[in-house]
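# Secondary and tertiary structure notes
Take a look at the letters that make up each chain.
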Amino acid sequence: MKMGNQSVETDFILSGLFQYGQMNTFLFVAIVILFSVALMGNIILVLLIRLDTRLHTPMYFLLSQLSFIDMMYISTTVPKMTTNFLTSRKTIAFFGCEIQAFVFLALGGTEALLLGFMAYDRYIAICHPLHYAVLMSKKICWFMVTCTWASSSSNALIHTLYVFQLPFCRSRVVNHFFCEVPSLLPLVCQDTSQYEHTILLSGLIILLLPFMAILASYARVLTVVFQMSSGKGQKKAISTCSSHLIVASLFYMTTLSTYTRPHYLHSPEEDKAVAVFYTIITPLLNPFIYSLRNKEVIGAMRRLLV
């Protein structure tokens with residue numbers, strides 16, 4: 001009994017995305033459907049890119065990495081949230097919470113950096129097409145992907161180890177549907193204002209810098225595109241870049257709003273709503289925007305089905 005009580009005391013309780021009720025049941029079903037569609041969409045896109053040799057290019061290699069990240073990203077939060085909704089036990093073990101926070105931070109940081117490299121890929125393809133084969137070689141692509149995983153995982157490890165050694169001497173109720181660092185800080189019984197400066201710095205480096213690079217690269221791309229004499233080339237380039245920019249803006253703006261504000265300015269309900277966008281909506285939109293708006297992917301799907 002003593003060990004059991006100690007276990008309960010070290011567990012966290014996730015309040016969840018919503019409370020009980022008929023409308024909440026509808027939202028629960030909707031989220032399960034969105035999760036299933038997002039998972040299937042990303043799996044199909046990864047398989048198409050892997051099976052069709054015509055898609056073995058740097059752009060689709062990076063896109064397959066993005067889909068792989070999104071599959072893991074959405075699977076880190078939604079299954080636990082849905083399980084908690086169906087059961088009366090809303091707890092998550094201390095170590096489980098730590099693992100979830102680390103994986104989520106690592107995947108989120110990797111996606112943020114990868115989106116920046118994908119914008120760089122489009123910039124090179126459109127603005128420097130003659131140098132594309134050299135600047136986006138297979139070796140360079142793997143180097144980009146390795147750097148994104150290594151740097152974001154290191155950042156996530158540092159933050160996770162620091163946060164979970166802090167004294168959690170207040171309520172163990174996490175007012176969120178998963179263990180996220182900003183949602184855990186209100187439970188700490190010591191001043192975290194200095195640490196929040198490091199979160200801000202990490203957010204500026206991993207989120208804001210890639211986003212600014214994306215905006216800068218697409219500003220240059222649009223300049224080159226509008227100088228093209230081919231209307232068809234203009235349309236294709238704008239379609240590709242606009243879809244990337246829409247998804248990137250949604251991801252960066254929502255994550256920046258969470259990770260660049262001190263915890264006393266956070267509203268739990270607002271944080272939950274914002275988190276839905278970068279944990280569920282973005283992984284859902286990515287495969288459809290990159291596939292349904294892309295004739296090469298649609299062609300690969302047709303060839304696979306025939």
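Worth saying up front: this structure is predicted, and the values here are computed from it rather than measured.

By size, the foremost hydrophobic cluster in this structure holds 84 residues, and its most contacted members are Phe12, Leu184 and Tyr252. Ranked by residue count, the leading element in this core is helix H4 (residues 94–127), at 15 residues. Residue contacts for tyrosine 252: discarding those within four places in its chain leaves Ala112, Leu113, Leu115, Gly116, Leu207, Pro210, Phe211 and Ile214.

What follows concerns the packing of aromatic side chains. Given two aromatic rings, one states the distance between the centres and the angle between the planes to describe the pair. Throughout the structure, instances matching the rule amount to 15 aromatic pairs. On the numbers, 4.5 Å between centres and 15° between planes, the contact of phenylalanine 28 with phenylalanine 85 is stacked. With phenylalanine 28 in helix H2 (residues 22–51) and phenylalanine 85 in helix H3 (residues 58–86), this pair connects stretches of sequence that are 57 residues apart. Each member of the pair, phenylalanine 28 together with phenylalanine 85, is buried. A centroid spacing of 5.0 Å and a plane angle of 15° characterise the contact between tyrosine 73 and phenylalanine 104, whose relative ring orientation is stacked. Separated by 31 residues along the polypeptide, tyrosine 73 in helix H3 and phenylalanine 104 in helix H4 bring together distant segments of the chain. What makes phenylalanine 104 buried here is its relative accessible area of 3%. Every member of this aromatic cluster is reached through a ring pair, and the members are Tyr73, Phe104, Phe177, Phe178 and Tyr278.

Conventions adopted
Residues numbered from 1 in each chain as written. Predicted model: local features only at pLDDT ≥ 70, side-chain atom pairs only at ≥ 80, totals over all residues. Heavy atoms only, no water. Core = buried A, V, L, I, M, F, W, Y, C linked by side-chain atoms within 4.5 Å. Buried < 20%, exposed > 50% of the residue type's maximum accessible area, 1.4 Å probe, protein only. Helix = DSSP H or I, 4+ residues; strand = E, 2+ residues; numbered from the N terminus. Contact = heavy atoms within 4.5 Å. Phe/Tyr/Trp six-rings, centres within 6.5 Å; stacked < 30°, edge-to-face > 60°.

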